[in-house]
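Here are the chains, one letter per residue:
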Number of protein chains: 2
Amino acid sequence: MQIRLSQCLPMLAAVLLLSGAIVVPAEEGMWTFDNLPVKQLEAKYGFKATQEWLDHVRLSSVRLNDGGSGSFVSADGLLLTNHHVARAQLQKNSTAEHDYIRDGFYATTEDQELKSPDLEINVLVGMKDVTERVQNATKGVTDKAQALKAQEAEIAAIEEESKKATGLRSDVISLYNGSEYWLYQYKAYTDVRLVFAPEQQAAFFGGDPDNFTYPRYDIDMALYRVYENGKPVHTENYLKWNTRGAAPGDLIFVSGNPGSTQRQDTMAQLLVERDTVEPAVIAYLQARITAAQDFAKQGPDQAREVGSTVFFLQNSLKAYQGRYEALLDKSVMQKKQDDENDLRSKVDANPDWKAAYGDAWNTIASVEEQVKPEIKHQLFRRTGSQLFTIALELVQYVAEVKKPDGERLPQYHEAGLESLRYQLFSPAPIYTDVEKMFMKTSLNLAVEQLGANDEFVQAITQGGDVSKRVDELVDGTKLTDPKVRQALIEGGEAAVAASTDPMIMAARRFDPIWRANYKHIRDSEESVLVPAEEELGKARFAVYGKNAYPDATFTLRLSYGTVDGYPYNGTIAPPFTTYYGLFDRSASFSNKAPFNLTGKEAAALDKLDLATPLDFVCTADIIGGNSGSPVIDRNGDIVGLIFDGDIESLAGDFVYDGTKNRAVAVHTAGMIEALRKIYDADALADELEGKE
Amino acid sequence: MQIRLSQCLPMLAAVLLLSGAIVVPAEEGMWTFDNLPVKQLEAKYGFKATQEWLDHVRLSSVRLNDGGSGSFVSADGLLLTNHHVARAQLQKNSTAEHDYIRDGFYATTEDQELKSPDLEINVLVGMKDVTERVQNATKGVTDKAQALKAQEAEIAAIEEESKKATGLRSDVISLYNGSEYWLYQYKAYTDVRLVFAPEQQAAFFGGDPDNFTYPRYDIDMALYRVYENGKPVHTENYLKWNTRGAAPGDLIFVSGNPGSTQRQDTMAQLLVERDTVEPAVIAYLQARITAAQDFAKQGPDQAREVGSTVFFLQNSLKAYQGRYEALLDKSVMQKKQDDENDLRSKVDANPDWKAAYGDAWNTIASVEEQVKPEIKHQLFRRTGSQLFTIALELVQYVAEVKKPDGERLPQYHEAGLESLRYQLFSPAPIYTDVEKMFMKTSLNLAVEQLGANDEFVQAITQGGDVSKRVDELVDGTKLTDPKVRQALIEGGEAAVAASTDPMIMAARRFDPIWRANYKHIRDSEESVLVPAEEELGKARFAVYGKNAYPDATFTLRLSYGTVDGYPYNGTIAPPFTTYYGLFDRSASFSNKAPFNLTGKEAAALDKLDLATPLDFVCTADIIGGNSGSPVIDRNGDIVGLIFDGDIESLAGDFVYDGTKNRAVAVHTAGMIEALRKIYDADALADELEGKE
């Protein structure tokens, strides 16, 4: 599925995530709303996107900060996304009595709707090019570390000004390797209530084996209702429901928030990714999965508590394995090398360009050489503990907010504090037995990979036995209570400094180590990388023009393509699947997990029109983070719901191959059929279809 | 599907086909009935094959000389095979009024059954090791060409003695690279009548795209009834029908006639195969397919006339492309190299072995170097014409039969003449417009590849325009009439020499060229290759013992394995498919060809139990020629009908990979469901299930 990958490895992503621009053939591209390939759309499809159409699509699109996308699909605030995007909230609402993940959920009246503990959603209401202002901030600053600081301070100032002036969430984002900076202003909603979710097994039929593959037979949908001031929002901008869907060959669009891509990485970066990063990440994920699966075997409560985590870890593992295979694929690497050679030779052939950009590749390569031995530290200095992460955030929060905004760590800028506090004070349960299990796994791995004397390990264990120390930390901390966290924030530096909570104390010991490492990365690596990548971005603009899209940044993008099968397994994958296929695949595996039907599906057999399209594929260029994105036809109506990519799409972090890279979506007809025939949710289906 | 490949390229096969022995892991192996891996079967499956069980299976198994396999499945001579094996006979019986391929066929009474024009089937009733006698024939003969002749003469004598003594078809076959020779005695039947065939579209649902892939949804079955003396044969040995089928994990056997494999080829041979043979064969097949498809567009008659040929050509092309990809796969070639290195180093480490076998690899490599430039001649000196092939056979027949049996070309030995005449006098129609089209295509290709002055081209065209000459030859010949052929045979050399039939005259011109080439290949290449390969075969016996199976030779073999899915497309392929899947795949492609349901299938929707297993996969090691083989359970009952392999099995010519090489079969339950619910053939289903 298309859950955003980078959320699983935020530290890594912060260092290695890049953005940039390329020259694109065919349906490739995750385009910003200000720069669509209008000529290609007109020439190939006779489609002209009016500003009205674009605004309507943008304002109907939603980012879910759990890591996915969604869209408004009714006048009364219904928000459609994937079950697997809603999964984290479902888990947080589940208890020993109510397992909403296993059993699904349907609120037949508004008062039954289920508040999400800590979900924030964003609608992109404003976009402003602030490139000049951000770049001017570094003019005349020759020291690279100072320049980076000045730039960040300017970004913080822009964000804070916007937030003050509009009340909107305001993020300055870097596009095209920092060749452009944009202020994105979001309307944020935090009262988001669950209306409907199918059983996990219906949403994720086929489980981990079928994940990231097609043909598929999944009802991977969930419906929230968005509230404001205690009332459902009534938005003008929502996508009208087209139950008929799109026919094979029809032009479609995907509006959503692709998480990250590395298509502009240089060969030097890709080689470090392949030879150093991927094997370590895969080992790390495998260790966590094994530990979590062993834990789940202890009983039904344990299985429920750790279920979502295993689910997301397995998803990440399969995605990383696919990325790794792409990097090991000689034809992929040859294409990347050819692209790099082309740009580089064109830059070198023009004396002005050569002077301005010609050194960038070597600069990046030398930084990569420097980074390589440090990657293990970045990967394995992890506690795997939510409580520890919260503790470290509290320790840093109270220190950072005292500084002028421009001098803070980026995640503590004034403009982002509201969202951060919303997360920090989440009432979602934290299971201490899960905490212990993951923390022990991660620390043991750190000892194994970095040695018991590593300063991170020492900061946590103070030389003690890992298992014993973890038990003491988790048993001793009060941070499971959100009120305790709030009191510490309110008490400020003094309260945190005085705290004898063992987890806070451990975080205090680690904070200086973390900061020293952060400073080192910033001053010696990022400060060199950022301008070098900006040079590459400018070089691409100079050589190829702006017929390009930036690497993904978990911000709103529009992709386009057609509904289309593709060559697979020696034959052709069909453009769509049907309910017949669900019953076939289940019967083919003797109804054994993960190919078992739910009781409701089996019971609906005689009611269902089995020829109804269930899932389908399209050529739109997407990546993790696009989960929950609407598939939209040329009228601006919704025809599908992105939930995954095929196995070939896992190379999409680095290259797009239109012959076989496919986005996988739930069909609007399949969703209506499920609501009406499997879930007896006619009222909801009527609301979607605009029937009174 | 598993139609035998070599039949499409007989000249090539004659030179390049090799046989040999290897050491096998897991379920690999196409075993002769005298040498089963009994220890492995007992250890892994607790199965002990009694002589009674083996005899019953062998005598229930049938070879169809159209290129496939089959089995007796009722006491009254019902013979089960694939639709695509029966296809050639269906085509020969079809007319403008009755298109049995398109519409299917069902004889509800015996008198409606449809006689096959030229089908011969064989049951292996006797097996005798004649290695010593064959090898003794060359003792003391130092000249290699003379030795080969002596060996062939001895083989002809053994065959003729056996034929005289028993009246049985008698073939001496070479196994394990000529380390063993066996006399196989067959009961031959030529009165074989069609009882049932589904529509081509039901048998071959998914067409060329789905061919050689899985999951599949094909009813690729046909039923003949075998007659003797005008009455259905009543054989004690037939396979009882097990409608329940085999469960995933169950031990199964496949008894059939794999056509050819090249698993014992040396690296030198594989490299010539990869770099010289495969690209040329693929070009040749593509040219024929293009010409035939253009021809088919001219109208429904043309489409019918050329339909089977296109079908078999496309099948060959896909198979050759798969073989070619396997040879281009570095991991496959590495495995072959490792195997060769292992054997070679063990041979070299033993002074006796080294002296006896150590030179074989270099000898073979030097022959391959010599053969390489000649391969183009072998491939492109083809007329693509049935009539020309018949003409050449007539010219050679009358000359050969005058010689002592041991001195004849192998295909004219006394023991085989009955079968040869049966083919030569076939009343099956030959379409002159098809003949012209293929002959022009082949000759134009020959001119393109070999030049207009090539002696083969000159022999046919005599310097004239290809198109004009072909029209003259085809319009002028009377060989379309089987009586004309018979008269020429009966008239002997004098009649053939006096004939002014232009096709006979062309064949007379080509015959000396053909013979010179044949003699060159025999004397300079095969006479060196055959003993060198025999050395390799003996080396394998010496090093690894006889825990090995010989390369396939279109003779009866027993494979074994389990019903089992496999990793595919990033997920798992199911052990079996169901009728649900047929309706899914059809609806997924909007019921468009080649994924359209037949009228009968669509009409049966409400009657069918859609959860009935339709096709399934098993790990048994098979190859082209196994089409129509029964899948047999440990009781000796039939549970399925082999009709294809998955896309990964196309590497099976060279290597067997048990993780993903799968044989694809129709399920016995799926066949009964089709007969009863789709074809209203309850009587036939009752006969199969032994119900009165």
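What counts and what doesn't
- Residues numbered from 1 in each chain as written.
- Chains lettered and ligands numbered in written order.
- Predicted model: local features only at pLDDT ≥ 70, side-chain atom pairs only at ≥ 80, totals over all residues.
- Heavy atoms only, no water.
- Domains from an automatic or database assignment.
- Buried area = accessible area lost by both parts, 1.4 Å probe.
- Salt bridge = Lys/Arg side-chain N within 4 Å of Asp/Glu carboxyl O.
- Polar contact = N/O pair within 3.5 Å; in protein donor to acceptor, adjacent residues only side chain to side chain.
- Buried < 20%, exposed > 50% of the residue type's maximum accessible area, 1.4 Å probe, protein only.
- Least-squares fit on C-alpha atoms with pLDDT ≥ 70 in both.
- Contact = heavy atoms within 4.5 Å.
- Pairing = 2+ DSSP bridges.
- Helix = DSSP H or I, 4+ residues; strand = E, 2+ residues; numbered from the N terminus.
- Axes fitted to C-alpha atoms, helices over the stretch in contact; angles between N-to-C directions.
- Parallel < 35°, antiparallel > 145°, perpendicular 65-115°, else oblique.
- Nonpolar A, V, L, I, M, F, W, Y, C, P; charged D, E, K, R; others polar.

### Describing the domain arrangement of chain A
How big an interface is tends to be stated in terms of accessible area lost as the parts join.
Residue and element names in this part refer to chain A.
Item 1. When the domains of chain A are assigned, the result is domain 1 (27-33 + 50-120 + 190-256 + 551-689) and domain 2 (267-544).
Item 2. Measuring from the centre of the C-alpha atoms in domain 1 to the corresponding centre in domain 2 gives 29 Å.
Item 3. Across the interface of domain 1 and domain 2, roughly 2,400 Å² is buried in total on both sides, 59% from carbon and sulfur atoms.
Item 4. Among the residues of domain 1 in contact with domain 2, Gln91, Asp118 and Phe654 are the three that bury the most area, contributing 27% of the side total.
Item 5. Aspartate 653 is the salt-bridge partner of arginine 323, the closest N and O atoms lying 2.9 Å from each other.
Item 6. The tally of links between domain 1 and domain 2 comes to 16 residue pairs in polar contact (both at pLDDT 80 or more).

### Side note on the pattern of salt bridges
Item 1. Summed over the entire model, instances satisfying the criterion amount to 106 salt bridges over all chains.
Item 2. With a closest N to O distance of 3.6 Å, Lys297(A) and Asp294(A) form a salt bridge.
Item 3. A salt bridge links Asp171(B) to Arg169(B), with the shortest nitrogen-to-oxygen separation between them at 3.3 Å.
Item 4. Using a relative accessible area of 17% as the deciding quantity, one classes Asp171(B) as buried.
Item 5. Among the ionic contacts, a cluster of salt bridges with common partners joins Arg676(A), Asp682(A), Asp686(A), Glu689(A) and Lys691(A).

### Re the relation of the copies chain B and chain A
Item 1. Superposition of chain B onto chain A requires a rotation of 180° combined with a translation of 0.0 Å along the rotation axis, giving an RMSD of 0.0 Å. Look at the turn and shift together and you get a two-fold axis relating the two.
Item 2. Looking at chain B, 100% of its interface residues are interface residues in chain A too, so the copies touch through the same face.

### A look at the sheet that holds strand β13 (residues 557-562) of chain A
Sheet strands pair via backbone hydrogen bonds, and the direction of the pair is either parallel or antiparallel.
All names here are of chain A.
Item 1. The seven strands lie next to each other as β13-β12-β18-β19-β20-β17-β16, forming an open sheet whose pairing is antiparallel. With one partner strand each, in any of the chains shown, β13 and β16 (576-578) form the two edges of the open sheet. For this sheet the average axis-to-axis angle between neighbouring strands, irrespective of direction, equals 30°.
Item 2. Examined bridge by bridge, strand β17 (residues 613-618) and strand β20 (residues 663-667) share four bridges and lie antiparallel to one another. By the bridge assignment, valine 617 is partnered in β20 with valine 664.
Item 3. Lying over the sheet, helix α3 (residues 51-60) contacts β12 (251-256), β13 and β18 (630-632), oriented at roughly 110° with respect to β13.

### Some points on unusual backbone geometry
Item 1. Omega for the bond connecting Tyr214(A) with Pro215(A) falls within 30 degrees of zero, at 5°, which places this linkage in the cis form.
Item 2. In this chain, Ala593(A) is followed by Pro594(A) through a cis amide linkage whose omega measures 5°.
Item 3. Along the chain, Pro594(A) turns up in the loop between α23 (579-588) and α24 (599-603).
Item 4. Unlike most non-glycine residues, Gln462(B) shows phi in positive territory, near 50°.
Item 5. The residue Gln462(B) is located in the loop between α19 (455-461) and α20 (466-476) in this model.

### Regarding the packing of helix α7 (residues 144-166) of chain A against helix α22 (residues 502-544) of chain A
Residues and elements named next belong to chain A.
Item 1. Between α7 and α22, the least distance of the axes is 8 Å, while the angle of their chain directions is 75°. Taken together, the axis directions place α7 and α22 in an arrangement best described as roughly perpendicular. Mapping the contact onto sequence places Lys144, Ala145, Leu148, Gln151 and Glu152 in α7 and Arg522, Asp523, Glu526, Ser527, Val528, Val530 and Pro531 in α22.

### Remarks on the sheet that holds strand β17 (residues 613-618) of chain B
All names here are of chain B.
Item 1. Ordered in space as β13-β12-β18-β19-β20-β17-β16, the seven strands form an open sheet in which the pairing is antiparallel. One side of each edge strand has no neighbouring strand; the edge strands of this open sheet are β13 (557-562) and β16 (576-578). Put simply, the sheet's adjacent strands are angled 30° from each other on average, direction ignored.
Item 2. Relative to strand β18 (residues 630-632), strand β12 (residues 251-256) is paired through two bridges, and the arrangement is antiparallel. Looking at the pairing, valine 254 lines up with valine 631 of β18.
Item 3. Across the sheet, helix α3 (residues 51-60) is in contact with β12, β13 and β18; its angle to β13 comes to roughly 110°.

### Structural notes on the interface of chain B and chain A
Item 1. Each side of the interface is counted separately: chain B has 32 residues, and chain A has 32 residues.
Item 2. Together chain B and chain A conceal approximately 2,400 Å² of surface at their shared face, both sides included; 57% is due to carbon and sulfur atoms.
Item 3. The interface formed by chain B and chain A includes zero salt bridges.
Item 4. Across the chain B-chain A interface, the total number found is 19 residue pairs in polar contact (both at pLDDT 80 or more).
Item 5. Secondary-structure elements contributing two or more residues to the side of chain B that touches chain A are α9 (207-210), β15 (571-573), β16 and α23 (579-588) of chain B.
Item 6. Looking at the side of chain B that touches chain A, the element that brings in the most residues is α23(B), giving seven residues.
Item 7. For the side of chain B that touches chain A, the class distribution of residues is 18 nonpolar, nine polar and five charged.

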